[in-house]
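Single-letter residue listing:
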Amino acid sequence: MTLAFTICSINYLAQAQTLGQSLQKTNPDIEYVIGLVDRLDQVTLDTDKIPPFQLLEIDKIGINCLDEMCENYDITELNTAVKPFYFDYFFKNRKDIQNVIYFDPDIIVYQKLSRLTESLAEKSIVITPHISSPILDDFDTKEIAHLNTGIYNLGFIGVGRSDESLQMIDWWKERLKNDCRIDLCNGLFVDQHWINFVPIFYKNSVLIEKHPGYNVAYWNLHERQITKQGDTFFSNHEPIIFFHYSGYQLSKPNSVSKYQDRSTFENRPDIIELFKDYAQKLKDNFNDYYIQIPCSYIKPPKVKRYKRVRKALQLPFRKVLELID
């Protein structure tokens, strides 16, 4: 049996429901769970806004360091750091589950995942690289962007039950307890740099999937052309298995992603229909309602000591400027 899950806080439930609906349509045999990094007892959702999917709150999966993680991480870091803990929970508590697939909530699955489940029968870890070929266009940003954020995109990872994959999950959990930060100066970008090691440490169990229909997103559009035949979208003449709408915001509908400026709807008209459809789905799933609800686990940002010291040191100069004025 295969289980697919995502992770989000309440503010991303429109995306999580859109993903769930796409899985219901294309893979009704796959169980779907929303890992909720939030507390439902801290908010009263309108009756029609309660998602029709399984919600598994983060405090129910037994993370012994959850309080410390909530204290040290922002909302993006926290939602990412708990990923291996959910894998661990599913494998330990659901003996009927052979495969567990993670998708970021801003993904839509367009086809049956039979290729993936077949891959997991041979290799117990499937990951996708951000890019599979050099970037040769005229934009300033090249491969260095992926050196900063990781070779593999962890908006997706498929894991089959095996001794080696369970060892990988234990190792991954230990690394993300304290070091799932966005700290590029220290070589960290949430969980993605850690996965650079996985094909080395667990090489016999890893498939690096380069199929052009997997994890199609702004970072690999330079190497993928989108077409449509009937109701099916294709990437380089292969059906799109799943598309990752990373960084797309309904509040900025004319921007492909807040993280880049290489691909636009002007220079990539082939993606317009995909994004129009996605935008409508988010609206239908109450995006404007959910996005206003803050995550109950995230504390207001602390005023760092160095900021207080800097403010104190600047005070005399500000007084002088006031006298001059």
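Quantities reported herein were computed from a predicted structural model and do not represent experimental measurements.

### With respect to the environment of His 237
- If you trace the backbone, His 237 turns up in the loop between β12 (232–235) and β13 (238–239).
- A relative accessible area of 69% places His 237 in the exposed class.
- Taking C-alpha positions, His 237 is 30 Å from Lys 252, a pair spaced 15 residues apart along the chain.

### A few points about the sheet that holds β12
- Spatially, β11-β12-β13 is the arrangement adopted by the three strands of the open sheet, whose pairing is antiparallel. One side of each edge strand has no neighbouring strand; the edge strands of this open sheet are β11 (226–229) and β13.
- Direction of pairing for β11 relative to β12: antiparallel, over a ladder of four bridges. Among the inter-strand pairings, Thr 227 is bridged to a residue of β12, identified as Phe 234.

### Section: the sheet that holds strand β4 (residues 99–103)
- As summarised here, the arrangement of the seven strands in space is β3-β2-β1-β4-β7-β6-β10, forming an open sheet in which the pairing is mixed. Strand pairing shows two members of the sheet lacking a second neighbour, β3 (54–57) and β10 (206–208), which therefore form its edges. Between one strand axis and the next, the sheet turns through 25° on average, direction left out of account.
- In terms of strand pairing, β4 meets strand β7 (residues 152–160) through five bridges, oriented antiparallel.

### So, unusual backbone geometry
- We note that Asn 215 has phi near 50°; this positive angle belongs to a residue other than glycine.
- By the element assignment, Asn 215 lies in the loop between β10 and β11.
- Taking relative accessible area as the criterion, Asn 215 reaches 1% and is therefore assigned buried.
- Not every positive phi belongs to a glycine, and Asn 236 is a case in point at roughly 50°.
- Take Asn 236: its relative accessible area is 32%, and that puts it in the partly exposed class.

Thresholds, definitions, all that
Residues numbered from 1 in each chain as written. Predicted model: local features only at pLDDT ≥ 70, side-chain atom pairs only at ≥ 80, totals over all residues. Heavy atoms only, no water. Helix = DSSP H or I, 4+ residues; strand = E, 2+ residues; numbered from the N terminus. Buried < 20%, exposed > 50% of the residue type's maximum accessible area, 1.4 Å probe, protein only. Pairing = 2+ DSSP bridges. Axes fitted to C-alpha atoms, helices over the stretch in contact; angles between N-to-C directions.

Functional significance is not addressed by these values, which are geometric in nature.
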